[in-house]
Amino acid sequence: MYTQSFTVGDGNQAPQKPIPFTSQQDAERLAAFDACIADDGRIEAQDWMPDAYRKTLVRQISQHAHSEIVGMLPEGNWISRAPSLKRKAILIAKVQDEGGHGLYLYAAAETLGTSRDQMLNDLHTGRAKYSSIFNYPTLTWADVGVIGWLVDGAAIMNQIPLCRCSYGPYARAMVRVCKEESFHQRQGYESLLVMMQGTDGQRAMVQDAVNRWWWKCLAMFGPPDADSPNSALGMRWGIKRFSNDELRQKFVDAIVPQAKVLGVTLPDPDLKWNAERGHYDYGAIDWDEFWATVNGNGPCNRERLATRVKAHEDGQWVRDAALAHARKQAARRQQEAA
Ligand SMILES: [Fe+2]
Ligand SMILES: [Fe+2]
């Protein structure tokens, strides 16, 4: 999974601002909080924290969790059509990992006092956002490889710094998530390497998938720094360690040599090494398309949400059965104790 920097507001929320403290006690707590952040310490669930910090984290971690479970859908579509038993086993493992990431992250968000029901309800009613990258279709098998290489690759760039996030439960969840994301990226790249050694048709399929996904992956890092009102606060609070543009640049610099090894062209005529900056320059991103998709008008927004809601509804009997079992166990324990 997956981010679009997690700085995109849900619904009509205004950017978070620090709230003024109201009492001497609050002032002391805020000073202790600030000192912990300045010292690169970790804030834990039971610690006092400013309201805006809590709200920012709930929004970011829940958007992240939603992205993980919606992210299962585009690739899940290919499990039944994988070209070999080996590829099918790898893809099942990857999609299952993403479900696990969603679970760790919902659990981390719950430590901040929000409930899973509330978060899922926000997702299913369209109030909460998830990464827009999953609102595009996976047209061929090459898309599965490209998603691993580029989408999971962009996710890793975004998520490795989150292992040092100031909120302890989130930071700890990210350590395992990042290890699994690294496997996701490698399996994608390896499957593309194999396709590139195949037929002309397979090579064309890989190039076509790269052409369709490249710009969307650059947009995954979120709006440019100048247009990211929540970013500065996230950086001050130690939630974000690098800005959207810094992470995007790191991604471009890492991917260009990988594309050369693979033998594909990245679809950007402005992409070139800038010796003065020591980085690759790249062309302009179409932010109108990004915002249209974030706001619900991408090619698959409705389909993804409908699939997710149906999966949740189809799973109602499992939740009911688990609750009935728990009630039975509790009654039995009570009887035994009596
Ligand atoms: Fe993930
Ligand atoms: Fe992943």
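Here, every reference points to the structure presented above.
How each quantity is defined
Residues numbered from 1 in each chain as written. Chains lettered and ligands numbered in written order. Predicted model: local features only at pLDDT ≥ 70, side-chain atom pairs only at ≥ 80, totals over all residues. Heavy atoms only, no water. Donors = N, O, S within 2.8 Å, 3.2 Å for Na, K, Ca; no water. Helix = DSSP H or I, 4+ residues; strand = E, 2+ residues; numbered from the N terminus. Buried < 20%, exposed > 50% of the residue type's maximum accessible area, 1.4 Å probe, protein only. Axes fitted to C-alpha atoms, helices over the stretch in contact; angles between N-to-C directions. Left-handed = near helix turned anticlockwise from the far one by under 90°. Nonpolar A, V, L, I, M, F, W, Y, C, P; charged D, E, K, R; others polar. Expected span 1.5 Å × (residues − 1). Arc of directions from axis to C-beta. Contact = heavy atoms within 4.5 Å. Salt bridge = Lys/Arg side-chain N within 4 Å of Asp/Glu carboxyl O. Polar contact = N/O pair within 3.5 Å; in protein donor to acceptor, adjacent residues only side chain to side chain. Core = buried A, V, L, I, M, F, W, Y, C linked by side-chain atoms within 4.5 Å.

**Quick word on the coordination of the iron ion (ligand 2)**
Phase 1: Distances from the iron ion (ligand 2) to its protein donors, namely E98 (OE), D152 (OD), E181 (OE) and H184 (ND1), fall within the range 1.9 to 2.2 Å.
Phase 2: All donors to the iron ion (ligand 2) come from one chain, and their sequence spacing reads E-x53-D-x28-E-x2-H.
Phase 3: Between the iron ion (ligand 2) and the iron ion (ligand 1) the interatomic distance amounts to 3.5 Å, and E98 serves as a bridging ligand to the pair. With E181 and H184 both in helix α7 (residues 168-196) and three residues apart, this pair spans about one turn of that helix. When sorted by exposure, E181 lands in the same class as H184, which is buried.

**Some thoughts on the packing of helix α6 (residues 141-159) against α7**
Phase 1: Running from N to C, α6 and α7 cross one another at 145°; their axes reach a closest spacing of 7 Å. Judged by the sense of rotation from one axis to the other, the crossing of α6 with α7 is left-handed.
Phase 2: Of the residues assigned to the contact of α6 with α7, the class counts are eleven nonpolar, ten polar and two charged.

**A word on helix α12 (residues 301-314)**
Phase 1: Here α12 is 14 residues long and its end C-alpha atoms lie 20 Å apart, about the 20 Å a rise of 1.5 Å per residue gives.
Phase 2: Every buried residue of α12 is accounted for by N301, R304 and R308. For α12, the arc enclosing every buried residue in end-on projection is 75°, short of the 170-degree limit, so these residues lie on one face. Facing away from the buried side of α12 by over 90 degrees, the exposed positions are R302 and E313.
Phase 3: Buried residues in α12 make contact with α2 (51-70), α3 (72-76), α5 (116-124) and α11 (287-297).

**Focus on α2**
Phase 1: In this model, α2 (20 residues) spans 28 Å end to end at C-alpha, consistent with the 28 Å of a helix rising 1.5 Å per residue.
Phase 2: The element α2 is extensively covered by neighbouring structure, given that 17 of its 20 residues are classed as buried.

**Some remarks on the side chain of R87**
Phase 1: Following the sequence through the fold, R87 ends up in helix α4 (residues 85-110).
Phase 2: Once residues lying within four places of it in the same chain are set aside, the contact partners of R87 are A82, W141, Q187, E190, S191 and V194.

**A short note on the environment of R236**
Phase 1: Along the chain, R236 falls in helix α9 (residues 231-236).
Phase 2: Residue classification places R236 among the exposed positions, given a relative accessible area of 51%.

**Side note on the environment of V177**
Phase 1: Turning to its location among the elements, V177 is positioned in helix α7.
Phase 2: Each C-alpha atom of the pair V177 and L120 lies 21 Å from the other, and the pair is 57 residues apart in sequence.
Phase 3: Apart from residues no more than four positions distant in its own chain, V177 is found in contact with E68, H101, Y104 and Q159.

**Some remarks on the pattern of salt bridges**
Phase 1: Taken as a whole and judged by the stated rule, the model has 19 salt bridges.
Phase 2: As a salt-bridge pair, D143 and R212 come within 2.8 Å of each other at their nearest N and O atoms. Placement of D143 in helix α6 and of R212 in helix α8 (residues 200-219) is noted, with a sequence separation of 69 residues between them.
Phase 3: Residue D143 is classed as buried on the basis of its relative accessible area, which comes to 0%.

**Structural notes on the side chain of E98**
Phase 1: As for its position among the elements, E98 is in helix α4.
Phase 2: Using a relative accessible area of 0% as the deciding quantity, one classes E98 as buried.
Phase 3: Among the polar contacts made by the side chain of E98, one reaches the side chain of H101 at a distance of 3.2 Å.

**Details of unusual backbone geometry**
As a rule of thumb, non-glycine residues mostly have phi less than zero, and peptide bonds are mostly trans rather than cis.
Phase 1: At D40, a position not held by glycine, the phi torsion is positive, near 60°.
Phase 2: For D40, the location among the structural elements is in the loop between α1 (24-38) and α2.
Phase 3: Among the residues examined, D40 registers a relative accessible area of 41% and is labelled partly exposed.

**Brief notes about the nonpolar core**
Phase 1: Ranked by size, the top nonpolar core spans 78 residues in total, and within it Y53, I61, W149, Y167, Y170, W213 and F251 carry the most contacts.
Phase 2: Considering every element that reaches this core, the biggest residue donor is α6, with nine residues.

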